[in-house]
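# Examination of the molecular architecture
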Amino acid sequence: MTSEAVPAAAALPGGRDRRPRVQLLAQIFLVSASALWLLPILFALYIAVRPYSDTRKHGYVSLPHDLTLSNFSDAWSQADMGRFFWNSALITLPAVVIVLCLAAGAAFVLTRVNVRINVALLILFTAGNLLPQQVIITPLFRMYLKIPLPSFLADSGLMYNSAFGLIVINVAFQLGFCVFVLSNYMKSVPDEMYEAALVDGASLWTRFWKLTVPLCRPALAALATLLTTWIYNDFFWAITLMSSGDKRPVTSALANLQGQFVSNQNLIAAGAMIAAIPTLVVYILLQKQFIAGLSLGSSKG
């Protein structure tokens with residue numbers, strides 16, 4: 001009786017099964033969304049391989065009369081992108097590592113250590129994500145101008161105009177989200193595993209480093225991919241908290257390709273394509289772990 005009720009519930013009044021139609025509509029929606037998502041990227045790539053003289057004469061939305069890769073080499077040399085890539089690496093890599101380490105430790109304490117203020121701390125971390133960056137820019141700018149740093153951390157001797165200052169602010173703004181995600185995942189780890197570890201005499205550090213961290217590797221990989229993309233693509237903090245153009249990350253290097261009166265959009269598009277390569281490489285390397293980390297919540301519970 002039950003096996004006959006399910007097909008009957010999924011059938012249309014005329015006796016037809018509505019599941020193929022739903023699947024078809026879902027596929028059409030997914031294909032359309034993917035096309036809309038890829039369209040700006042493909043259009044930027046299309047502009048990047050066209051000479052400036054061709055687009056100036058025939059317009060950007062036109063059939064190409066000539067194709068070239070010289071825009072990529074010109075963008076690399078004119079914007080000095082090699083140095084800006086290094087600046088981005090000096091900011092992104094330490095920030096991602098620090099955020100993941102602090103978030104993993106904080107999430108473990110919030111979920112596996114019985115403290116009365118655990119809920120309040122979790123709310124505090126989560127509430128930090130609701131704070132717009134523009135709200136605190138004025139007091140933060142004044143603080144960065146007054147906080148001193150040793151010379152090995154900043155040539156200027158201040159938090160302002162230093163890579164260390166950008167690392168700190170990125171860690172502060174990304175930490176809350178990572179603590180929220182990891183704490184929810186750590187709650188799904190069975191309590192029996194920790195009880196067995198306690199019986200074996202495992203210390204708090206052992207339970208964190210040898211038990212929890214290995215189980216959280218997919219979630220950490222997913223967060224590492226997201227953090228790399230967010231911090232690497234940051235532009236707001238780079239232009240606000242850093243005055244020296246040669247110290248800024250690669251996102252601000254694209255501004256060097258824009259002229260005062262005339263902008264070569266073909267050159268800028270080529271530079272944007274080059275700047276997007278590192279995040280694409282990170283996603284390809286961590287693709288399996290990223291997908292596994294995103295699907296963990298649907299399979300646990």
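Please refer to the structure placed before this passage.
These notes cover the structure that comes with them.

Turning our eyes to something else, we now look at the overall build of the protein chain. When you go through the protein chain residue by residue, the secondary structure sums to 16 helices and zero strands. A burial count over the protein chain gives 35% of its 301 residues as buried. Look at the contacts in the protein chain between residues 6 or more apart in sequence, and 69% of them connect residues 24 or more apart.

Across all of its chains, the model carries three salt bridges by this definition. Linking R83 and D80 is a salt bridge whose minimum nitrogen-to-oxygen distance equals 3.2 Å. A salt bridge links R112 to D191; the shortest N-O distance between them is 2.5 Å. Of the two residues, R112 sits in helix α5 (residues 81-112) while D191 sits in helix α9 (residues 191-199), which places them 79 residues apart along the sequence. Using a relative accessible area of 19% as the deciding quantity, one classes R112 as buried.

Moving on to the side chain of T225. Note that T225 resides in helix α11 (residues 217-232). With sequence-adjacent residues up to four places away left out, T225 is seen in contact with V282, Y283, L286 and F290.

Quick look at unusual backbone geometry now. Its identity as a non-glycine residue notwithstanding, N161 has a phi of 60°, on the positive side. Tracing the backbone through its elements, the reader meets N161 in the loop between α7 (137-146) and α8 (163-187).

Tracing the chain through its elements places T251 in helix α13 (residues 250-253). Reaching out from T251, the side chain makes a polar contact with the backbone oxygen of D234 at a distance of 2.8 Å. Leave out the neighbours within four places in its chain, and T251 touches Y232, N233, D234 and F235.

Now for the packing of aromatic side chains. Evaluation of the coordinates by the stated rule reveals ten aromatic pairs. Each ring, one from F108 and one from F208, has its centre 5.3 Å from the other, and the planes form 55°; the classification is tilted. Separated by 100 residues along the polypeptide, F108 in helix α5 and F208 in helix α10 (residues 204-215) bring together distant segments of the chain. Judged by relative accessible area, F108 falls into the buried class, the value being 3%. What makes F208 buried here is its relative accessible area of 11%. Relative to Y160, the ring of F141 has its centre 5.3 Å away and its plane inclined at 80°; by these criteria the two rings are edge-to-face. Note that F141 is positioned in helix α7 and Y160 in the loop between α7 and α8, a separation of 19 residues in sequence.

By volume, the largest pocket amounts to about 640 Å³. In terms of lining, the largest pocket is formed by 17 residues, of which the most central are W37, I41, A276, T279 and L280. Secondary-structure elements contributing two or more residues to the lining of the largest pocket are α2 (19-48), α11, α14 (265-275) and α15 (277-285). Broken down by class, the residue content of the lining of the largest pocket amounts to 13 nonpolar, four polar and no charged.

Definitions and limits used
- Residues numbered from 1 in each chain as written.
- Predicted model: local features only at pLDDT ≥ 70, side-chain atom pairs only at ≥ 80, totals over all residues.
- Heavy atoms only, no water.
- Helix = DSSP H or I, 4+ residues; strand = E, 2+ residues; numbered from the N terminus.
- Buried < 20%, exposed > 50% of the residue type's maximum accessible area, 1.4 Å probe, protein only.
- Contact = heavy atoms within 4.5 Å.
- Salt bridge = Lys/Arg side-chain N within 4 Å of Asp/Glu carboxyl O.
- Polar contact = N/O pair within 3.5 Å; in protein donor to acceptor, adjacent residues only side chain to side chain.
- Phe/Tyr/Trp six-rings, centres within 6.5 Å; stacked < 30°, edge-to-face > 60°.
- 1 Å grid on protein atoms, 1.4 Å probe; cavity = no way out; pocket = protein on both sides within 12 Å on 5 of 7 lines; lining within 4 Å.
- Points joined across faces, edges and corners; volume = space filled by probe spheres on them.
- Nonpolar A, V, L, I, M, F, W, Y, C, P; charged D, E, K, R; others polar.

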